[in-house]
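# Examination of the molecular architecture
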Amino acid sequence: MAAAVPGGIRADGDLDLPEAVSEDAAAKELRHLAGLNRPAEAMIGLGYHATITPPVIRRNVLEDPSWYTAYTPYQPEISQGRLEALINFQTVIGDLTGLPTANSSLLDEGTAAAEAMTLLRRGNKKASGPFVVDADALPQTIEVVRTRAAGMGIDVVVADLTAGLPEGPLSGLLVQYPGASGRILDPRPLIEAAHGRDALVVVAADLLALTLLEAPGEMGADVVVGSSQRFGVPLFYGGPHAGFMSVSAGLERHLPGRPVGVSIDAEGRPAYRLALQTREQHIPPRQGDLQHLHRPSPARRRGFDVRRLPRSRGAEGDRTAHPRLRRPHRRGARGRGSGTGQRHPVRHADRARARSCCGGRRVGPLLRAAPALGRRRPRRPLHVGDHHALHGLQRAACLRRQRWRLRDRVVDPELGGAAVGLPHPRGVRQPPQ
Amino acid sequence: MIPLGSCTMKLNATTEMEPVSLPGFADLHPFAPAEDAAGYRKLIDDLEGWLAEVTGYDRVSIQPNAGSQGELAGLLAIRGFHLANGDTERTVCLIPSSAHGTNAASAVMAGMKVVVVKAADDGSVDLDDLQAACEKHSDSLAAIMVTYPSTHGAYEDSITELCKIVHGHGGQVYVDGANLNALLGFAKPGEFGGDVSHLNLHKTFCIPHGGGGPGVGPVAVQGTPAPYLPSHPMHPEPEKRAGIGPISAAPYGSAGILPISWAYIRLMGGPGLTRATAVAVLSANYVALRLADHFPVLYRGHGGPVAHECILDVRGLTKDSGVSVDDVAKRLVDYGFHAPTMSFPVAGTLMVEPTESEDLGEIDRFCDAMIAIKGEIDRVQAGEWSPENSPLRHAPHTARALVGEWDRVYSREVGVFPTGIDPDKYWPPVARIDRAYGDRNLVCACPPPEAFAE
């Protein structure tokens, strides 16, 4: 090293780090740290949902080195399995969002939305003016978009879209569907109005809701973004998750990163590789491993399950993806804690049993205080994941004790009525015979 | 062995990987109350502190969830610093011609204007050109983005001088941490002149590449730009809620995979990290030495040694024989190897980074394969095979090709078992892929089952 490293930059002294420990000791310390975290029952939502990672997928994908150690598939001949898994992901995203081309290169919903904003600028030179963002978008999405826009000198206007588009020109529009509040706004009039002003429209969508709601692409959206976390990727305290983006015809060559595409090999058979090779070799990353955690076939069933849980306690016949929980006039059950999530103490029918279930800790779902949207009383949107279906009765007991009540909201039946299944029902191709 | 230059493909030890699945790490919501995340807080504080120590910087933020996001965060910090000083005109970002492609893209995203600085003949940044650029843009200079050791895989003597010149004109020095695996324990970017860096935990600190992600790209800053690190409106640490805004959707980015890097540093300690760097540099120099007689090694540092990777120049051979760098890369598959990085940072070359994780036997196996391929190129050059009919152009060879009709000018054994019958042979599922065909006929969804009918 003395011969290789120039003397002028050599650091003085040794690194000041804790002394190395054995594998066994490090594993023990990490188990201890993990034990200091209290996952509780996360019903905060905001784009992050409790979910089940099926053990077969956890063991054979998430924890399997042949999936996780590999490099970006720049050498496609030796990466066909990876590429096939990614193109399956793209296909499912395309089907659910109702747009023809999806990629698999995005990090999370916030950065996907920011990328979509810049894509609209590349793909639509006609429009000018600010980028308009739904006030009911996920708060972190709004902020990530703002950070990115500030760097690039783009004006961002956050607007309540319930009354339609704000006046004046706009370079693009982002609509959250369903909104962070749980509200499902029919995006069609907004999309039409934006198109009427030469602007393109991004819809940030909940992928699970799209198993029941009409696909944004079919309602005219130009770009759909979001996170596929709730399709089996653990919460991970925020990441890593797999974002997604799909685009309408004509925008595919503006997609960030390189989508997986189909080509042919020297023997004329179909083969997968990263498309659009003229780009930089060093591309925005793809969340390679995480896309494989998703299986398309149970998706729609999950959509129904998640809807059924709150609905069973809601008004008959109502249709909603995110029911909202409204707390009536009850005193003494204040939330406590810092940050956005708040722990709500719950009087459990059987406290002893509850403690044994939860490691002796206080129980209670983590809920979120949301500002009132055009109403006086603050709301606590309740976000339900497939994970909760398992514990449904236990949760229901907690909630009833609190005398909380679910208020469903009637949604335009047309949105749900047109819900589509997956046109690629198997989600994977049959292996060649 | 996956000898990818600039990518640092190192061992992902099971002990590092296992904790990711622990419910305490996996099942926590990013906006859970801070007191429910005490374990993460300790882990993140440890990790940010350790990363600051090994890089010589004051503060680290692990929020950016990819290297490209780290770059953007670093440049926004520099921009924030200049704006706070009233230097609204400081928007020029100097980028050497050998830089990673993401550098220029990030600079544009941060609202900067890119000015390219030339490379000298030896591959280092041309200091005369740099001096001229700094003088020309003295009032508008925001920063320079350099990779150290350079993307050419060489320790450049001129880095301290470079930092001095840029600082002299009011610019900040951004050191891209892509090649930190050649520095740990021996040099600290924050000490030899860097103001801001991003690191790649998925390179230097063992987070696996996972087919291209997920990664973590922490941003590290020295002194003045510290208040301009990424913030988040719902950050568990209240003092980090206001600021330049979030780079990633979650306050701690890809928090769930941080236990991997924590475990790596905990298992290695200071002496272990230092030794790993030395072994990585030794391995690269061993490869450069063994292959130098067969493929020219393009750039070397002062006195001859390369850093932690080396560039093998295939361009001369391509010119003389018609065998392309693509042919060499695909032929390596027949020998059981993943190709090195191709045509970066120089078109028509291969960049090899063995890392400290490969043992001598595996490195020798790779060198033997490269030498054998050079032997095949020699046969093409001697006129024995035309480039089109050679095993190099037909690579990789599938099992289907082996059992089908064989009309090649070389034997089946030469095609599929170039080093002799090997029970562990890797069989590629498809032959050489026509990349251009797919771009002309862009299809990015599953084809119908009929497409696969025989």
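In this report, we go over the structure that sits alongside the text.

The rules behind each value
- Residues numbered from 1 in each chain as written.
- Chains lettered and ligands numbered in written order.
- Predicted model: local features only at pLDDT ≥ 70, side-chain atom pairs only at ≥ 80, totals over all residues.
- Heavy atoms only, no water.
- Patch = residues over 30% accessible without salt bridge, like charges linked within 9 Å, V, L, I, M, F, W, Y side chains within 5 Å.
- Areas by Shrake-Rupley, 256 points an atom, 1.4 Å probe, with all protein chains shown as cover.
- Salt bridge = Lys/Arg side-chain N within 4 Å of Asp/Glu carboxyl O.
- Buried < 20%, exposed > 50% of the residue type's maximum accessible area, 1.4 Å probe, protein only.
- Contact = heavy atoms within 4.5 Å.
- Buried area = accessible area lost by both parts, 1.4 Å probe.
- Pairing = 2+ DSSP bridges.
- Helix = DSSP H or I, 4+ residues; strand = E, 2+ residues; numbered from the N terminus.
- Axes fitted to C-alpha atoms, helices over the stretch in contact; angles between N-to-C directions.
- Parallel < 35°, antiparallel > 145°, perpendicular 65-115°, else oblique.
- Left-handed = near helix turned anticlockwise from the far one by under 90°.
- Nonpolar A, V, L, I, M, F, W, Y, C, P; charged D, E, K, R; others polar.

## Some thoughts on a nonpolar patch on the surface
Where nonpolar side chains cluster on the molecular surface, the patch consists of Val108, Val114 and Val116 of chain B and spans about 230 Å² of accessible area. Look at Val116 of chain B and you get exposed, because its relative accessible area is 54%.

## Some remarks on the interface of chain A and chain B
Taken together, the 119 residues of chain A in the interface contact 138 residues of chain B. Buried area between chain A and chain B, both sides added, is near 10900 Å², and the carbon and sulfur share of it is 64%. The interface formed by chain A and chain B holds five salt bridges in total. Note that Glu267 of chain A is salt-bridged to Arg400 of chain B, the shortest N-O span being 3.8 Å.

## Remarks on the sheet that holds strand S8 (residues 243-247) of chain A
All names here are of chain A. Here seven strands make up an open sheet; going across it, the order is S2-S8-S7-S6-S5-S3-S4 and the pairing mixed. Strands at the two margins of the open sheet, each flanked by one partner only, are strand S2 (101-106) and strand S4 (156-159). Each adjacent strand pair in this sheet contributes to an overall mean axis angle of 20 degrees, direction not counted. Sheet analysis places strand S7 (residues 223-227) next to S8, joined by five bridges and oriented antiparallel. By the bridge assignment, Gly226 is partnered in S8 with Phe244. The sheet contacts of helix H5 (residues 109-123) involve S2, strand S3 (131-134), strand S5 (172-177), strand S6 (200-205), S7 and S8, and relative to S7 the element is tilted by about 160 degrees. The sheet contacts of helix H6 (residues 139-152) involve S3 and S4, and relative to S4 the element is tilted by about 160 degrees.

## Concerning the packing of H5 of chain A against H6 of chain A
Residue and element names in this part refer to chain A. Running from N to C, H5 and H6 cross one another at 40 degrees; their axes reach a closest spacing of 8 Å. Viewed along their axes, H5 and H6 adopt a mutual orientation that is oblique. Along this stretch, H5 crosses H6, giving a crossing that reads as right-handed. Note on element contacts: H6 touches H5 through Thr141, Val144, Val145, Arg148, Ala149 and Met152, opposite Glu109, Gly110, Thr111, Ala113, Ala114, Glu115, Met117, Thr118 and Arg121. Residues belonging to the contact of H5 with H6 are distributed by class as follows: seven nonpolar, four polar and four charged.

So, to be careful, I would describe these as geometric facts and stop short of saying anything about function.
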